[in-house]
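Residue-level listing of the chains:
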Amino acid sequence: MPNPPLDDYIAAASAALDLPVEAAWMPSIKANLEVSLRLANLVSEFPLPDEAEPAPVFKA
Amino acid sequence: MSNDYTWSTGSEIAQAIATDKTTALAVTEAALSVIVARNPTLNAFTAVAAERARAKAKAVDASPDKAKLPLAGVPFAVKNLFDVAGIPTVAGSKINRAHPPAKRDAGLIERMEKAGAVLVGALNMGEYAYDFTGENLHDGPSRNPHDISRMTGGSSGGSGAAVGGGMVPIALGSDTNGSIRVPSSLCGIFGLKPTYGRLTRARSFPFVASLDHLGPFARSVRDLALSYDVMQGPDADDAGCADRQKESTAPFLDRGLDGLRIAVTGGYFRKGASGEALTALDGVAKALNAREIEIPEAARARAAAYVITTTEGAALHLDRLRKQAADFDPAVRDRLIAGAMMPATLVVKAQIFRRWYRDQVLALFKDCDVILAPATPVTAPKIGQQTFTLDGVELPVRANLGIYTQPISFIGLPVVAVPVALKPLPIGVQIIAAPWREDLALRVAAALEQMGAVSAPRPNL
């Protein structure tokens, strides 16, 4: 999977979440997001059946 | 026991007080003196509760039941994310210093003191527990008692320094991804991360609700068991605390290894391990005659734990990130901001994988009782060291000291970290059991301690 255009994504997410990001923080935030996305994709590409339940199960 | 209490175990101290060989006040004064003498070097304590400790010690000495208290007069300290009545719960942060003083002690402090233990202070930690180094931008780094130029490991760094450095026999910490087991390994002490939900987290500052555990550090297995036993039991004040009655472990520590089937992890848990980590692991495995198995998909488990941590942590701190971002340690802030931007779909995927992985690992326990794994890939890195090389790849220290602990806490398994006293620096091994079988992990740890394969080395301080 190619790298998503993270600079644009971070700017859009910053605005959508009302989460101010200073320009000087961008390289570090981007590096962290790249790692998190790479690890998340390692998990999400693992095939599991549609019926697989998430670990937390709500009990009424 | 001599009058030097700085390397006595809690069990020895309680016994000496019960039999009037010394007093709780004398032990407390000795502990307070050692803290004053060593803290400028080790930077373990961020607050010392001297007057409170003296008052509690006097109460223990006056108690007609002191001989029945399992931790009578035993000094202990807590990571500064535990509420201590009368002081703000800073959780390693600058921001929380503006919080009002806590009104009531954390649940585990109350249970320790009910058993006679004496709280002497609060301990340094990585900011908001998002850390494996034991460094802290605001309070300075906690320092490894075996080489003060080196890290304690984190995030319960002060807990590692205080116990490993002979300031207290027992400390409490938290472990979300390895924050008890990593400092135990680097500081050469024992640590217990119980089953998820076993010990109440009431009145402690959270990090990742899905993964947060609390537990004890000590220099002997018996002290781990004694403190763990008195802290057990349900608590309606923690939604994650299991409705499960106390299951004592201390009376069964000496049962030995008879009938226990012991395995050691290969695959992921050997890849990237240093020579020291493998020497320690192989030595323990040989002493226990362990057979090798593989935990399936451990790398993915670690990845999923990473994703859940960064996103739940970001959710916890979102408002502070909006309003007080400049007051965070930048290394923590930038990880949390990135976490806030992670797509929710990928987090749900991680929680789905978590259940599948749990089922796979629980199946392994049909054929074994405990599983051994390294605790950290390396011995203590230098303070300030940013990267290290694991399996030929240069990686950030801060995020990767816990690569072997994360796949285990991810599914809440109980673990005792045991110290192998290699020279010049110790390193730990994880003894992992099935859920709710802390007793088995402690029993194996006690057997290893008995045969001399593991021990907390005494530093030259």
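Details of the structure are given in the entry above.
Conventions we followed
- Residues numbered from 1 in each chain as written.
- Chains lettered and ligands numbered in written order.
- Predicted model: local features only at pLDDT ≥ 70, side-chain atom pairs only at ≥ 80, totals over all residues.
- Pairing = 2+ DSSP bridges.
- Helix = DSSP H or I, 4+ residues; strand = E, 2+ residues; numbered from the N terminus.
- Axes fitted to C-alpha atoms, helices over the stretch in contact; angles between N-to-C directions.
- Contact = placed C-beta atoms within 7 Å.
- Nonpolar A, V, L, I, M, F, W, Y, C, P; charged D, E, K, R; others polar.
- Buried ≥ 20, exposed ≤ 12 C-beta atoms within 10 Å, placed from the backbone.
- Parallel < 35°, antiparallel > 145°, perpendicular 65-115°, else oblique.
- Left-handed = near helix turned anticlockwise from the far one by under 90°.

Q: Could you clarify how one ought to interpret the sheet that holds strand E8 (residues 291-293) of chain B in this entry?
A: Strand pairs in the sheet, formed through backbone hydrogen bonds, run parallel or antiparallel to each other. Residue and element names in this part refer to chain B. With mixed pairing, the 11 strands of this open sheet are ordered in space as E1-E3-E2-E4-E6-E5-E12-E13-E9-E7-E8. Because the sheet does not close on itself, it has two edges, and the strands there are strand E1 (45-48) and E8. Strand after strand, the sheet turns through a mean of 30° between neighbouring axes, direction not considered. In terms of strand pairing, strand E5 (residues 190-193) meets strand E12 (residues 415-420) through three bridges, oriented antiparallel. Across the sheet, Gly 191 pairs through a bridge with Ala 417, a residue of E12.

Q: What is the right way to look at the interface of chain B and chain A in this model?
A: Frequently, the measure chosen for interface size is the accessible area removed from exposure when the parts meet. Counting residues at the interface gives 29 residues for chain B and 25 residues for chain A. Elements supplying a minimum of two residues to the side of chain B that touches chain A: helix H9 (298-324), helix H10 (330-340) and helix H11 (344-364) of chain B. Per-element tally for the side of chain B that touches chain A: the top contributor is H11(B), with 11 residues. When its residues are assigned to classes, the side of chain B that touches chain A shows 17 nonpolar, four polar and eight charged.

Q: Just to check I follow, could you spell out helix H7 (residues 221-231) of chain B for this structure?
A: Each full turn of the α-helix corresponds to 3.6 residues, which orients residues three or four apart in the same direction. All names here are of chain B. Among the 11 residues of H7, 11 are classified as buried, and the element is accordingly described as predominantly covered. Among all positions in H7, only Val 221, Arg 222, Asp 223, Leu 224, Ala 225, Leu 226, Ser 227, Tyr 228, Asp 229, Val 230 and Met 231 are buried. Count one or two residues on from H7 and you reach Gly 233, which has phi positive near 120°.

Q: Would you explain unusual backbone geometry in this entry?
A: The phi angle of most residues is negative, glycine excepted, and most peptide bonds adopt the trans form. Residue and element names in this part refer to chain B. For the bond running from Gly 154 to Ser 155, omega is 10°, close enough to zero to count as cis. Topologically, Ser 155 is positioned in the loop between strand E3 (118-123) and helix H5 (157-164). In this model, Lys 423 is joined to Pro 424 through a cis peptide bond whose omega is 0°. Mapped onto the fold, Pro 424 is located in the loop between E12 and strand E13 (427-433). Phi is positive for Ala 91, close to 50°, though the residue is something other than glycine. Relative to the elements of secondary structure, Ala 91 occurs in the loop between strand E2 (75-79) and helix H4 (107-114).

Q: What is the right way to look at the pairing of E3(B) in this model?
A: Looking along a regular strand, one sees side chains alternate from face to face of the sheet. Residues and elements named next belong to chain B. Most of E3 sits out of view: six of its six residues are buried. As paired strands, E1 and E3 are joined by three bridges and run antiparallel to one another. Paired with Phe 45 across the two strands is Leu 123, which belongs to E3. Bridge count between E2 and E3: five bridges; the pairing is parallel. Bridge assignment links Pro 75 to a residue of E3, and that residue is Val 118.

Q: Where do I start with the packing of H7(B) against helix H14 (residues 438-450) of chain B in this structure?
A: All names here are of chain B. Between H7 and H14, the least distance of the axes is 9 Å, while the angle of their chain directions is 155°. By the criterion of interaxial angle, the relationship of H7 to H14 is roughly antiparallel. Crossing geometry of H7 relative to H14 is assigned as left-handed. Residue-level contacts link Val 221, Leu 224, Ala 225 and Tyr 228 of H7 to Glu 438, Leu 442, Ala 445, Ala 446 and Glu 449 of H14. A per-class count over the contact of H7 with H14 returns seven nonpolar, no polar and two charged.

Q: So what exactly am I meant to see when it comes to the packing of helix H2 (residues 24-42) of chain B against helix H3 (residues 50-62) of chain B here?
A: For any two helices packed against each other, the geometry is given by the interaxial angle and the distance between the axes. Residues and elements named next belong to chain B. Look at H2 against H3: their axes get within 8 Å of each other, and the N-to-C directions meet at 160°. As the angle between them shows, H2 and H3 are arranged roughly antiparallel. Here H2 runs over H3; the crossing is right-handed. On H3, the residues that touch Ala 24, Leu 25, Thr 28 and Leu 32 of H2 are Ala 50, Ala 53, Arg 54, Ala 57, Lys 58, Val 60 and Asp 61.

Q: Explain the environment of Gly165(B) to me, please; I cannot follow it from the model alone.
A: Residues and elements named next belong to chain B. Within the secondary structure, Gly 165 sits in the loop between H5 and strand E4 (170-175). On the basis of neighbour count, Gly 165 is assigned to the buried category, with 29 C-beta atoms found within 10 Å. A sequence separation of 127 residues divides Gly 165 from Arg 38, and the C-alpha atoms of the two residues are 8.1 Å apart. If near-sequence neighbours (up to four positions away) are discounted, Gly 165 is found in contact with Arg 38, Leu 42, Ala 44, Pro 145, Pro 459 and Leu 461.

Q: Help me understand the pairing of E4(B), please; the structure alone is not making it clear to me.
A: All names here are of chain B. The buried fraction of E4 is high, at six of six residues. Neither face of E4 is exposed, since Ile 170, Leu 172 and Ser 174 on one face and Ala 171, Gly 173 and Asp 175 on the opposite face are all buried. As defined by bridge partners, E2 adjoins E4 across three bridges and the pair is classed as parallel. Looking at E4, one finds that Ala 77 is bridged to Ala 171. Inspection of the sheet shows E4 paired to strand E6 (residues 213-218) by six bridges, in the antiparallel sense. Bridged to Ser 174 within E6 is Leu 214.

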